[in-house]
Amino acid sequence: MKDKITLLYNGNEHEFPLIKGSENELAIDIKTLRQNTGLITLDPGYKNTGSCISDITFLDGENGVLRYRGYDIADLANNSSFIEVSYLLIFGELPSKSDVEKFENDIKEELLVHEDIKTILKSFPTGAHPMGILASLTSALISFNPGSVDVRSDEKMYHAIVQLMAKFSILTAWVHRKHEGLPLNYPDISISYVENLSKMMFMKPNKNYSNQSVITSALNKLLILHADHEQNCSTSTVRIVGSSEASLFASISAGISALWGRLHGGANQAVIEMLELIKRDGGDTKKFMSKAKDKNHPFRLMGFGHRVYKNFDPRAKIIKQAADEVLSDLGVNDPILEIAKGLEKEALSDKYFIERKLYPNVDFYSGIIYRALGIPTQMFTVMFALGRLPGWIAQWKEMKLNQEPIGRPRQIYKGRKHRKI
Ligand code: ACO
């Protein structure tokens, strides 16, 4: 195979190297394109554009494969803890027993936030969307932890990372408590990361709290499944914001805002709202399938389709099975699960969906589990953000260590030519 691509332009031949990934995926390296030819590429939505070379996550959308650092997503979801997977993504290897203990203990050291964060939280209006509050509070953490901005040594980088892993779990729980009008719970460092999250979120002032392993293990699995997904919208946002030398916390705050949109992480909220709408409307899934296919109607089947997966999203398969198990373990009978399964069945045998290779994505069933755990719809994307946190951190760290240049796409200007006032 030739390892160069030749571009013929204006009678001249220009050669560009081919780059090959470890799983044989190929790219044309166009770093010298403009310098040598005066041309740029145009690719709205970056459908054909690689923004970086990365060692973190491998995704083969045609074959429904997802691996973190070489490990299959199903193996990790079934055998690892969220903290182990976070360590794997951020530091490159699955941790030894002592590695994971140290990482978890270092996080526990940082498991507190300044009391003034409570004042900021309190000042948000009742009914404010939890994602807006989460993005604001993540940014506010910088003022209370100014040292996190300096990551010029390995120790400082590590410290900023454990600070964020710790404090973000408190913000997640507190945003939930604010949304529910419940008093804020402080962390308990005697239990694991995910158990503590669950306790901070669900412990009621009028009830004794006992850990429910069904809830902890469901949360653990969902967080792992969301932990990274290579260069998606929010991760690319984190990398591009960080490339301007904005701090880790500032970059993550921007990533949270990108995740909020309903075409991205916000789809988990949109799926449940759609399923509830179908239920209220009498449960006629065929009617909504027709709307989804009607180009003159804005309705889309939320939780279906993916920019990269043109086959089953492997995370959706795991989540669908987990939804069945969690609902049965908790004794929850949610009619919208049946509507979801009905929609999926119809879509998978429908010409429109088959031709466009539209399959259920990670968000199609995740909301049904969150709902069964007692998490309100508006909180779903916050849970996704906590899961994605180690992936964002790993990608930001890789961008920094590779000293990637500031992200700055070009454009083709089609506005008015020069004119005088
Ligand atoms: N319902 C109906 N039609 C759809 C859907 C859908 N959910 N998704 C894509 N299509 C159609 C498009 O209308 C288009 O049809 P056309 O070729 O006749 O014009 C074709 O399938 C290709 O879709 P695009 O929008 O071009 O694909 P793109 O890669 O730009 O978008 C996206 C991917 C945004 C995920 C899209 O499938 C979608 O809107 N899905 C619903 C929202 C959703 O579930 N988002 C979560 C994604 S997972 C995540 O981010 C965590």
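Above this text is the structure in question.
First, a word on what this report is: a plain description of the structure on this page. (Residues numbered from 1 in each chain as written. Predicted model: local features only at pLDDT ≥ 70, side-chain atom pairs only at ≥ 80, totals over all residues. Heavy atoms only, no water.)

What to know about the side chain of Thr138
Structurally, Thr138 is set in helix H6 (residues 130–144). At a separation of 2.7 Å, a polar atom in the side chain of Thr138 contacts the main-chain carbonyl oxygen of Leu134. In this structure Thr138 touches Leu164, Phe168, Leu171, Phe249, Ile252, Ser253 and Ile256, once residues within four positions along its chain are discounted. (Helix = DSSP H or I, 4+ residues; strand = E, 2+ residues; numbered from the N terminus. Polar contact = N/O pair within 3.5 Å; in protein donor to acceptor, adjacent residues only side chain to side chain. Contact = heavy atoms within 4.5 Å.)

Some remarks on the environment of Ile339
When you line up the elements, Ile339 lands in helix H15 (residues 335–348). Taking the C-alpha atoms as reference points, Ile339 and Gly283, 56 residues apart in sequence, are found 7.0 Å from one another. Aside from chain neighbours lying at most four places away, what touches Ile339 is Leu275, Ile278, Lys279 and Thr285.

Side note on the site of the ligand
Taken together, 21 residues sit near the ligand, with Lys295, Arg300, Leu301, Gly303 and Arg307 positioned nearest. The side chain of Arg300 places a nitrogen or oxygen atom 2.6 Å from an oxygen atom of the ligand. Here Gly303 contributes a backbone N or O atom positioned 2.8 Å from an oxygen atom of the ligand. With the chains in place, 78% of the 920 Å² that the ligand exposes on its own is no longer accessible. Residue composition of the shell around the ligand, grouped by class: 9 nonpolar, 5 polar and 7 charged. (Near = heavy atom within 4 Å. Areas by Shrake-Rupley, 256 points an atom, 1.4 Å probe, with all protein chains shown as cover. Nonpolar A, V, L, I, M, F, W, Y, C, P; charged D, E, K, R; others polar.)

So, helix H18 (residues 380–401)
Taking 1.5 Å of rise per residue, 22 residues should cover 32 Å, and H18 covers 32 Å from first to last C-alpha, within 8% of that figure. Considering bend angle alone, the principal kink of H18 is centred on Arg388 and spans about 45 degrees; proline Pro390 follows within four residues of it. Most of H18 is tucked away: 20 of the 22 residues are buried. At the exit of H18 stands Gln403, carrying a positive phi of roughly 50 degrees. (Expected span 1.5 Å × (residues − 1). Bend = angle between axes of the 7 residues up to and from the residue. Buried < 20%, exposed > 50% of the residue type's maximum accessible area, 1.4 Å probe, protein only.)

Observations concerning the sheet that holds strand E3 (residues 26–28)
As summarised here, the arrangement of the 3 strands in space is E1-E2-E3, forming an open sheet in which the pairing is antiparallel. Each end of this open sheet is capped by a strand with a single partner; those strands are strand E1 (4–9) and E3. Shown here is a sheet whose adjacent strand axes are inclined to one another by a mean of 30 degrees, direction ignored. Summarising the sheet, strand E2 (residues 12–20) and E3 pair through 3 bridges and their orientation is antiparallel. Its bridge partner being in E3, Ile19 is matched across the sheet by Ala27. (Pairing = 2+ DSSP bridges. Axes fitted to C-alpha atoms, helices over the stretch in contact; angles between N-to-C directions.)

Digging into the sheet that holds strand E6 (residues 71–72)
Read across the sheet, 3 strands follow the order E4-E5-E6 without closing on themselves; strand pairing throughout is antiparallel. The open sheet has two edge strands with one neighbour each: strand E4 (57–60) and E6. Bridge count for E4 against strand E5 (residues 65–68) is 4 bridges, and the pairing is antiparallel. Counterpart to Leu59 in the pairing with E5 is Leu66.

Considerations on the pairing of E5
Linking E4 to E5, which pair antiparallel, is a turn of 4 residues; within it Gly64 sits at a positive phi near 65 degrees. The turn linking E5 back onto E6 is made up of 2 residues, and Arg69 within it adopts a positive phi angle of 50 degrees.

Quick notes on the nonpolar core
By size, the foremost hydrophobic cluster in this structure holds 115 residues, and its most contacted members are Ile252, Leu301 and Ile375. It is helix H7 (residues 154–180) that contributes the most residues to this core, 13 residues altogether. In contact with Ile252, not counting residues within four places along its chain, are Thr138, Leu164, Phe168, Val238, Leu389, Trp392 and Ile393. (Core = buried A, V, L, I, M, F, W, Y, C linked by side-chain atoms within 4.5 Å.)

Some words on the packing of aromatic side chains
Overall, the coordinates contain 13 aromatic pairs when judged by the stated rule. Geometrically, the ring pair formed by Phe312 and Tyr359 is tilted, given 5.1 Å between the ring centres and 50 degrees between the ring planes. Separated by 47 residues along the polypeptide, Phe312 in the loop between helix H13 (285–293) and helix H14 (314–330) and Tyr359 in the loop between helix H16 (351–355) and helix H17 (363–372) bring together distant segments of the chain. Of the residues examined, Phe312 reaches a relative accessible area of 23% and is grouped as partly exposed. On the basis of an interplanar angle of 85 degrees and a centroid distance of 5.0 Å, the ring pair of Phe364 and Tyr365 is categorised as edge-to-face. For Phe364, a relative accessible area of 0% translates into the label buried. Among the aromatic residues, ring-to-ring pairing joins Phe304, Tyr352, Phe353, Phe364 and Tyr365 into one connected group. In this arrangement the basic side chain of Arg356 is found over the ring face of Tyr352, its NZ or CZ atom lying 3.8 Å from the centre. (Phe/Tyr/Trp six-rings, centres within 6.5 Å; stacked < 30°, edge-to-face > 60°. Lys NZ or Arg CZ within 6 Å of the ring centre and 35° of its normal.)

Focus: the packing of helix H10 (residues 233–242) against helix H11 (residues 248–260)
Interhelical geometry of H10 versus H11 gives an angle of 150 degrees and a closest axis separation of 8 Å. It follows from the interaxial angle that H10 and H11 lie roughly antiparallel. Handedness of the crossing formed by H10 with H11: right-handed. Residue-level inspection shows Cys233, Ser234, Thr237, Val238, Val241 and Gly242 of H10 in contact with H11, the latter providing Ala250, Ser251, Ile252, Ala254, Gly255, Ala258 and Leu259. Of the residues contributing to the contact of H10 with H11, the split by class is 8 nonpolar, 5 polar and no charged. (Parallel < 35°, antiparallel > 145°, perpendicular 65-115°, else oblique. Left-handed = near helix turned anticlockwise from the far one by under 90°.)

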